[in-house]
Amino acid sequence: MALTVTDRLPVAGADRILTEEALDFVEQLHVKFAATRDGLLADRVTARRQAAAAGKLDFLPETSHIRSGDWQVAPAPGKLTDRRVEMTGPASPVKMAINALNSGAKVWLADLEDASAPTWHNVIDAQLNLYGAARGDLAYTSEEGKEYTLRTDIPLATVVVRPRGWHLPENHILIDGAPTVGALVDFGLHFFHNARHLASTGDGPFYYLPKMESHLEARLWNEIFVFAQDELGIPQGTIRATVLIETIPAAFQMEEILYELKDHASGLNAGRWDYLFSIIKYFRESGSAFVMPDRASVSMTAPFMRAYTELLVKTCHRRGAFAMGGMAAFIPNRREPEITAQAVEKVRADKMREANDGFDGSWVAHPDLVDTCREVFDSVLGDKPNQVDRLRKEVQVSAADLLDVASAEGEVTEAGLRLNLYVAVAYTAVWLSGNGAVAIHNLMEDAATAEISRTQVWQQIHNQVTLADTGNTVTRELAGKILAEEVERLRAEVNDEEAFARYYEPAAKLIAELTTGEGGFVEFLTLPAYELVS
Ligand SMILES: CC(=O)SCCNC(=O)CCNC(=O)[C@H](O)C(C)(C)COP(=O)(O)OP(=O)(O)OC[C@H]1O[C@@H](n2cnc3c(N)ncnc32)[C@H](O)[C@@H]1OP(=O)(O)O
Ligand SMILES: O=CC(=O)O
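Residues numbered from 1 in each chain as written. Chains lettered and ligands numbered in written order. Predicted model: local features only at pLDDT ≥ 70, side-chain atom pairs only at ≥ 80, totals over all residues. Heavy atoms only, no water.

The name an unreviewed UniProt entry assigns to the protein chain is Malate synthase, from the organism Arthrobacter mobilis. In its Sequence similarities (unreviewed entry) section, the UniProt record describing the protein chain reads: "Belongs to the malate synthase family." In its Pathway (unreviewed entry) section, UniProt records this for the protein chain: "Carbohydrate metabolism; glyoxylate cycle; (S)-malate from isocitrate: step 2/2." (UniProt positions renumbered as here; feature names shortened; annotations may be inferred.)

Below, the structure is given as structure tokens:
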């Protein structure tokens with residue numbers, strides 16, 4: 001096996017990350033685990049085809065002993081016993097890393113996934129920032145002279161790193177000439193450089209694991225953790241992982257996922273946006289029962305979404321694990337107090353539902369929402385650091401409840417179709433420019449929300465949906481016409497032909513292929529997009 005790095009110096013300091021020893025560690029992870037990951041990705045395709053053909057999923061009969069068994073995950077480590085507010089955001093640029101650490105949140109989900117466009121610069125810069133974060137050593141002065149330093153008056157947020165999902169490759173580290181697995185690169189570099197230090201201070205290493213589709217994928221992570229801890233001489237069980245339940249098959253395997261990671265598990269998170277994307281994707285050709293209303297009208301109170309969150313809380317607490325709430329997409333705007341007031345009220349309502357339902361904490365996307373989330377959880381938790389003791393035994397959720405997409409109120413409209421196409425192109429353009437999250441119309445957009453937008457269009461075309469406001473049927477031609485109009489709208493808004501040609505034209509071409517193209521469904525928007533960035 002020969003490991004090569006295609007471009008060693010994307011950012012100052014890269015050599016501190018891409019050391020021979022760290023790359024050896026990544027290579028070892030690859031040799032031991034990449035083939036299993038490849039097999040699990042292939043299994044996803046088979047499992048989805050079967051479920052789509054049947055138009056249903058069920059709890060696994062072969063693991064019923066796990067669901068009925070009496071077991072608990074390991075107790076939470078000190079730094080993860082109170083997670084009432086978690087701030088999410090990309091680990092690059094350094095300014096955002098410092099802002100997140102300083103935000104007053106208990107945890108910072110340092111995102112190498114949906115809020116990050118994994119350009120080589122971003123991948124390495126994020127690792128440099130995580131290295132600094134682990135050691136309390138980050139500072140930055142902006143071009144305007146604003147100084148960013150870590151606060152000493154409050155505890156900094158505990159870092160929980162979210163590596164890329166299993167599907168994404170890393171094109172800049174090759175083994176025998178082939179791209180490596182992005183997740184193994186992200187985890188491997190972070191663990192190698194920081195695990196001993198974090199373990200010595202009780203600050204980690206902690207991870208969020210995204211987009212898994214089966215408990216066997218969780219088993220693979222567990223095997224990686226066991227190997228990595230042995231290699232670096234760190235006690236087994238030091239790593240703690242919170243798993244995002246954000247795919248529909250994973251919702252049927254929550255118990256099994258916790259069980260596989262038992263000694264390393266600290267909780268599950270209800271990743272609502274990817275979850276919606278996953279349902280659309282999984283059952284995309286299974287008929288009208290799975291066609292969702294306009295994205296904006298599917299809320300967390302829709303019965304099928306409520307079934308999912310209720311089951312998640314019950315499952316976690318029964319096993320001594322934390323149940324973490326998700327992301328309300330409303331973003332404050334420091335220049336528009338009215339927008340901020342609306343965002344705060346909507347976020348407050350969302351967090352109140354979660355806290356009352358038994359979640360132990362939740363996510364916010366912006367530092368100006370930390371206080372709102374904390375106030376809500378303070379009011380429900382009182383003196384307690386969490387509510388893992390609320391077992392929610394009364395909750396009963398069936399397979400049919402989880403799949404009852406038709407229970408969502410709302411319609412499919414041309415306005416929704418138009419907005420989906422606008423957002424998909426606008427977000428993809430920003431992603432191609434190297435930024436994985438952006439506010440569009442005062443909503444947070446990241447890879448997960450953009451995936452909903454583009455898959456809804458695909459699903460509407462392939463199910464010949466009739467639009468409630470115009471009576472038209474969604475066809476390739478209609479979506480293509482609206483796409484062209486939205487691209488012209490964006491051209492006028494961007495008002496910069498160079499930027500438009502560089503980012504928006506390729507984004508529009510890609511979104512056209514993914515929505516109205518004849519080339520078949522593409523699993524992840526970020527896979528072809530990644531081939532367009534360096
Ligand atoms: C579906 C999921 O997976 S959700 C989780 C993944 N998604 C995310 O994590 C999105 C996180 N949020 C963000 O990236 C940002 O809030 C955005 C892109 C939505 C909006 O960012 P901006 O347009 O920069 O917001 P705004 O101008 O109001 O920012 C004000 C300040 O807060 C900082 N800020 C905003 N959001 C964050 C954040 N998430 N983390 C750290 N700092 C932040 C900005 O850097 C800026 O700092 P400055 O005053 O020092 O310059
Ligand atoms: O990752 C979180 C989500 O909501 O998707």
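Read on for the rest.
Caption draft 1: Quick look at helix H2 (residues 20-54). Here H2 contains 35 residues, and its C-alpha end-to-end distance of 50 Å stays within 8% of the 51 Å for a straight helix at 1.5 Å per residue. For H2, the principal kink sits at Phe33 and spans about 50°. Of the residues one or two after H2, Gly55 is the one with positive phi, at around 70°. (Helix = DSSP H or I, 4+ residues; strand = E, 2+ residues; numbered from the N terminus. Expected span 1.5 Å × (residues − 1). Bend = angle between axes of the 7 residues up to and from the residue.)

Caption draft 2: A look at the domain arrangement of the protein chain. The domain architecture assigned to the protein chain consists of domain 1 (3-329 + 339-400) and domain 2 (411-531). Using only C-alpha atoms to locate each centre, domain 1 and domain 2 end up separated by 26 Å. Contacts between the two partners involve 37 residues from domain 1 and, on the opposite side, 37 residues from domain 2. Buried area between domain 1 and domain 2, summed over both chains or domains, comes out near 3200 Å², and the portion from carbon and sulfur atoms is 60%. Looking only at domain 1, the three residues that lose the most surface to domain 2 are Arg284, Asp294 and Arg295, adding up to 23% of its buried area. A salt bridge links Arg284 to Glu523, with the nearest nitrogen and oxygen atoms 3.9 Å apart. Counting across the domain 1 and domain 2 interface gives 16 residue pairs in polar contact (both at pLDDT 80 or more). Sorting the residues of the side of domain 1 that touches domain 2 by element identifies strand E7 (169-175) and helix H10 (272-282) as the ones contributing at least two each. With six residues, the top contributor of residues to the side of domain 1 that touches domain 2 is H10. (Domains from an automatic or database assignment. Contact = heavy atoms within 4.5 Å. Buried area = accessible area lost by both parts, 1.4 Å probe. Salt bridge = Lys/Arg side-chain N within 4 Å of Asp/Glu carboxyl O. Polar contact = N/O pair within 3.5 Å; in protein donor to acceptor, adjacent residues only side chain to side chain.)

Caption draft 3: Main features of the packing of H10 against helix H11 (residues 303-318). As a packed pair, H10 and H11 sit with axes 12 Å apart at the nearest point and diverge in direction by 120°. By the criterion of interaxial angle, the relationship of H10 to H11 is oblique. Crossing handedness for the pair H10 and H11: right-handed. Note on element contacts: H11 touches H10 through Phe304, Met305 and Tyr308, opposite Arg272, Tyr275, Leu276 and Ile279. Grouping the constituent residues of the contact of H10 with H11 by class yields six nonpolar, no polar and one charged. (Axes fitted to C-alpha atoms, helices over the stretch in contact; angles between N-to-C directions. Parallel < 35°, antiparallel > 145°, perpendicular 65-115°, else oblique. Left-handed = near helix turned anticlockwise from the far one by under 90°. Nonpolar A, V, L, I, M, F, W, Y, C, P; charged D, E, K, R; others polar.)

Caption draft 4: Up close: the site of ligand 2. Arg162, Leu244, Glu246, Gly271, Arg272, Trp273, Asp274, Trp363 and Ala448 make up every residue found near ligand 2. Between ligand 2 and the protein, one listed contact pairs an oxygen atom with a backbone N or O atom of Trp273 at 2.8 Å. One of the backbone nitrogen or oxygen atoms of Asp274 is found 2.7 Å away from an oxygen atom of ligand 2. Contact with the protein chains removes 97% of the 190 Å² of surface that ligand 2 exposes when unbound. Ranked by the residues each element gives to the shell around ligand 2, the list is headed by H10, at three residues. Class assignment for the residues of the shell around ligand 2 results in four nonpolar, one polar and four charged. (Near = heavy atom within 4 Å. Areas by Shrake-Rupley, 256 points an atom, 1.4 Å probe, with all protein chains shown as cover.)

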